[in-house]
Amino acid sequence: MIRVLRPRQRPTWQIVAPALLLLCAFAVPGGLIMAGQGEPAFNRIDTTWQAYSFSLHAPFWDAVNVVLNWAGYTGALVSHLVLAAALLIWQRPRAAAFSALAGLSALGLTQLAKALVGRDRPQGAKVLSDTGSYPSGHVSATTAFLVVMALLIGQQWAKVVAVLGILAMMVSRTYLSAHWLSDVLGGACLAAGVVLLLWWPFCDICIQENEIAGRTTIWRARALQRQQEAGQQE
């Protein structure tokens, strides 16, 4: 009997308004970076945070962040595929489509923004990275997956886990000198905004689908129980 992934219905404004605010929070810094040719007004905040990140370096944290470096991008994309496959198995094809579309949209828009903004990465990165610093692809991929999970599960603990996971990846990317602070903030805002906008048309469908799939699963479980009881009586 499957009793997981119980999305909750929300008023439209509670989904769309935060999504638009998050996308604005991503777009404005990106525009300032482009206008300032790599030296935005918040550059001092970025450099100050980067200097602080250097002071945290230690062998233990180096090892932890090597793991997060893999988990934040490759791991997040693989997790999206696994989640989509699991939802299909659990008879939730529309929720699977939402999960896959959210991951692909966040990935595509992040790569497009990297090319358009063209910001240089910090010096002395501890990991290999592609071109384009704004926004962070690792943070974007991690945020997309965790926000999708939080929306589908619909429980407070899932939201807490999502926030903690996103913060951990943001700190990791600056710790590894792969991104500026504004890069990781931009990646989180972009992915969260995109996922919420996609959740708007999918929300009611996923809730109805989940209820139908849940009833089907319960019926099969009860039917199996009746068969087993009949076999024992014989």
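Keep in mind that what you see is a predicted model, and the values were worked out from it rather than measured. (Residues numbered from 1 in each chain as written. Predicted model: local features only at pLDDT ≥ 70, side-chain atom pairs only at ≥ 80, totals over all residues. Heavy atoms only, no water.)

Caption draft 1: Representation of the overall build of the chain within the structure. Each helix and strand counted, the chain has seven helices and zero strands in total. Listed N to C, the secondary structure of the chain is α-α-α-α-α-α-α in terms of helices and strands. Counting the 234 residues in the chain, one finds 45% classified as buried. If you sum the accessible surface of the chain, you get close to 12500 Å²; carbon and sulfur atoms cover 67% of it. (Helix = DSSP H or I, 4+ residues; strand = E, 2+ residues; numbered from the N terminus. Buried < 20%, exposed > 50% of the residue type's maximum accessible area, 1.4 Å probe, protein only. Areas by Shrake-Rupley, 256 points an atom, 1.4 Å probe, with all protein chains shown as cover.)

Caption draft 2: Broad picture of the packing of aromatic side chains. Taken as a whole, this structure holds four aromatic pairs when the rule is applied. Their ring planes at 50° and their centres at 5.5 Å tell us that Trp49 and Tyr52 sit as a pair that is tilted. Of the two residues, Trp49 and Tyr52 both sit in helix 2 (residues 43-54), three residues apart, roughly one turn of that helix. Judged by relative accessible area, which is 28%, Trp49 ranks as partly exposed. Residue Tyr52 is classed as partly exposed on the basis of its relative accessible area, which comes to 44%. Among the aromatic residues, those joined into a ring-pair cluster are Phe98, Trp199 and Phe202. (Phe/Tyr/Trp six-rings, centres within 6.5 Å; stacked < 30°, edge-to-face > 60°.)

Caption draft 3: Representation of the nonpolar core. The biggest cluster of nonpolar side chains holds 47 residues, and the ones touching the most others in it are Phe98, Val148, Leu151, Leu152, Val195 and Trp199. When residues of this core are traced back to their parent elements, those giving at least two are helix 1 (12-35), helix 3 (59-89), helix 4 (93-117), helix 5 (137-153), helix 6 (156-175) and helix 7 (181-233). Sorting elements by how many residues they give to this core places helix 7 first, with 16 residues. Contacts of Val195, omitting those with residues within four sequence positions, involve Phe98, Ala102, Ala144, Val147, Val148 and Leu151. (Core = buried A, V, L, I, M, F, W, Y, C linked by side-chain atoms within 4.5 Å. Contact = heavy atoms within 4.5 Å.)

Caption draft 4: Representation of helix 6 within the structure. For helix 6, built from 20 residues, the straight-helix expectation of 28 Å at 1.5 Å per residue is met to within 8% by its first-to-last C-alpha distance of 29 Å. Buried within helix 6 we find Ala158, Ala162, Ile166, Met169, Met170, Ser172, Arg173, Thr174 and Tyr175. Phi turns positive one or two residues past the end of helix 6, at Ser177, with a value near 60°. (Expected span 1.5 Å × (residues − 1).)

Caption draft 5: Just the packing of helix 3 against helix 6, in detail. Across the interface, helix 3 lies against helix 6 with an axial gap of 10 Å and an inter-helix angle of 115°. If you check the angle between helix 3 and helix 6, you find them roughly perpendicular. Between helix 3 and helix 6 the crossing geometry is left-handed. Touching Trp61, Asp62, Asn65, Leu68, Asn69 and Gly72 of helix 3 are Ala168, Met169, Ser172, Arg173 and Tyr175, all from helix 6. In terms of residue class, the contact of helix 3 with helix 6 is built from five nonpolar, four polar and two charged. (Axes fitted to C-alpha atoms, helices over the stretch in contact; angles between N-to-C directions. Parallel < 35°, antiparallel > 145°, perpendicular 65-115°, else oblique. Left-handed = near helix turned anticlockwise from the far one by under 90°. Nonpolar A, V, L, I, M, F, W, Y, C, P; charged D, E, K, R; others polar.)

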